[in-house]
Amino acid sequence: MISEEEVSKKVIEKFNSIEGVIGVIRLNEDQVIDTFGLESRALENVLGGLAKGVNEGLEKVIQSDAVFSAFTDRSFEWPKDSLFQIVSSDGIIGEEIRDKEKLEELKKSENVIIIGDCFYIKKDKLENWKAVKEGLFRAIFPPINFNREVKDIPEVVECIGCFTSGPCFEYLKLEFEGKIDLSDPGYGFFLVGLRFDPAKVAFSPGTKPNVFLKSLKSRHKSTGGRSPNFEKVYRTFFSNNV
């Protein structure tokens, strides 16, 4: 067996080798909890508050054994997975997708409107926009599959990524200030959650898998215990609610 620290080093090296990734850092428990708290607050105001936001990717990431933040520059090629969806009770109304081949096929459809470079809306679903005021929409951020990137690391069972909101990015920039150069406004990031094979990985004393969910609710029911960077970002983005 090898230690989780050794597996983490393998993962960091692997993601750092991907073009466009400028730095990868493992988050500690407090950083994961703060990121979750900021994202939960940001999801209350998706599409100007017209839709309920659900970050399915983050919900899965925080159930992992280890969470990492990967920072990227403009050369990073984002996955072809669906990154953002607007969903109603009868299915997907609109979706952001970066698969160029699929987008070209969608452009041929008379039932599709392409907005910008990578977002499409189904015309036959447009009548559902009237349901916005009734709160029947959901804005979904699906998980991103990164299993292919770590397929040669046998100690990793699953590798799932996710996008999060601007407040989370600003918080993590402050947390890792001086460790990664993020001065270029074109930089971005994503989170990665890993599940380790318990038969192959030895956890550090006092550390157990899936530790994050246990303290999320109690941590964010009060303002106590939050980091200065959390408070700074929270007040910047959600000052009307502090």
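Numbering of residues starts from 1 in every chain and runs along the sequence as written. Totals for whole chains, interfaces and linings use all residues, but because this is a predicted model, local features are given only for residues with pLDDT of at least 70 and pairs of side-chain atoms are given and counted only at 80 or more. The side-chain numbers reported here are obtained from all heavy atoms of the structure, hydrogens and water having been left aside.

Caption draft 1: Representation of the packing of helix 2 (residues 29–42) against helix 5 (residues 166–175). Between helix 2 and helix 5, the shortest axis-to-axis distance is 8 Å and the interhelical angle comes to 155°. Relative to helix 5, the element helix 2 is oriented roughly antiparallel. Here helix 2 runs over helix 5; the crossing is right-handed. For the pair helix 2 and helix 5, the contacting residues are Asp30, Gln31, Asp34, Thr35, Leu38, Glu39 and Ala42 in the first and Pro167, Cys168, Tyr171, Leu172 and Glu175 in the second. The classification used treats Ala, Val, Leu, Ile, Met, Phe, Trp, Tyr, Cys and Pro as nonpolar, Asp, Glu, Lys and Arg as charged, and all other residues, Gly among them, as polar. The residue makeup of the contact of helix 2 with helix 5, split by class, is six nonpolar, two polar and four charged. Axis angles are defined between N-to-C directions and span 0 to 180 degrees, where every axis is a line fitted to C-alpha atoms and, for a helix, only to the segment in contact. Secondary structure elements are taken from DSSP: a helix is a run of H or I of four residues or more, a strand is a run of E of two residues or more, and numbering for both begins at the N terminus. Any angle that is under 35 degrees is reported as roughly parallel, and any over 145 degrees as roughly antiparallel; angles of 65 to 115 degrees are reported as roughly perpendicular and all others as oblique. We call a crossing left-handed when the near helix sits turned anticlockwise from the far one by less than a right angle, and right-handed when that turn is clockwise. Only heavy atoms matter for contacts: two residues are in contact if any of them lie within 4.5 Å across the pair.

Caption draft 2: The sheet that holds strand 4 (residues 66–72), seen in detail. Here, strands pair whenever DSSP counts at least two bridges between them. Pairing in this open sheet of five strands is antiparallel, and the strands run 2-4-12-11-10 from one edge to the other. The open sheet terminates on both sides in strands that have one partner only, identified here as strand 2 (21–26) and strand 10 (144–145). In the sheet, strand 2 pairs with strand 4 via five bridges, with the strands oriented antiparallel. For isoleucine 25, the partnering residue across the bridge sits in strand 4 and is serine 69. Across the face of the sheet, helix 1 (residues 4–16) comes into contact with strand 2, strand 4, strand 11 (156–162) and strand 12 (188–196) while running at roughly 165° to strand 2.

Caption draft 3: Quick peek at the nonpolar core. Counting 26 residues, the largest nonpolar core has Leu27, Leu38, Phe71, Leu172, Phe189 and Leu191 as the members making the most contacts within it. Counting residues per element, the ones that place at least two in this core are helix 2, helix 3 (56–61), strand 4, strand 11, helix 5, strand 12 and helix 7 (228–238). Once residues within four sequence positions are removed from consideration, leucine 172 is found in contact with Leu27, Thr35, Ser69, Phe71, Phe189 and Leu191. Core analysis: the next-biggest nonpolar cluster, separate from the first, contains 22 residues, Val7, Ala66, Val156 and Phe196 among them. The set of buried Ala, Val, Leu, Ile, Met, Phe, Trp, Tyr and Cys residues whose side-chain atoms join them within 4.5 Å is what this entry labels a nonpolar core. Burial status follows relative accessibility: with a 1.4 Å probe on protein chains alone, a residue under 20% of its type maximum counts as buried, one over 50% as exposed, and anything between as partly exposed.

Caption draft 4: Summary view of the pattern of salt bridges. Within this document, salt bridges are pairs made up of a side-chain nitrogen of Lys or Arg and a carboxyl oxygen of Asp or Glu, the two lying within 4 Å of each other. In the structure shown here, the tally under the stated rule is 12 salt bridges. Residues arginine 26 and glutamate 4 are paired through a salt bridge, measuring 2.9 Å at the closest nitrogen-oxygen approach. Taken together, the residues arginine 26 in strand 2 and glutamate 4 in helix 1 connect sequence positions 22 residues apart. Among the ionic pairs, glutamate 149 bridges to arginine 148, the shortest N-O distance being 3.6 Å. With relative accessibility at 64%, the residue arginine 148 sits in the exposed group. One network of salt bridges, in which partners are shared, links Lys60, Glu158 and Arg195.

Caption draft 5: Quick look at the packing of helix 5 against helix 7. Two elements in contact, helix 5 and helix 7, have axes whose closest approach is 9 Å; the angle formed by their N-to-C orientations is 150°. As for how helix 5 packs across helix 7, the hand of that crossing is right-handed. Contacts from Gly166, Pro167, Glu170, Tyr171, Leu174 and Glu175 of helix 5 reach helix 7 at Asn229, Phe230, Lys232, Val233, Phe237 and Phe238. Split into classes, the residues belonging to the contact of helix 5 with helix 7 amount to seven nonpolar, two polar and three charged.

On their own, these measurements won't tell you what the molecule is for.
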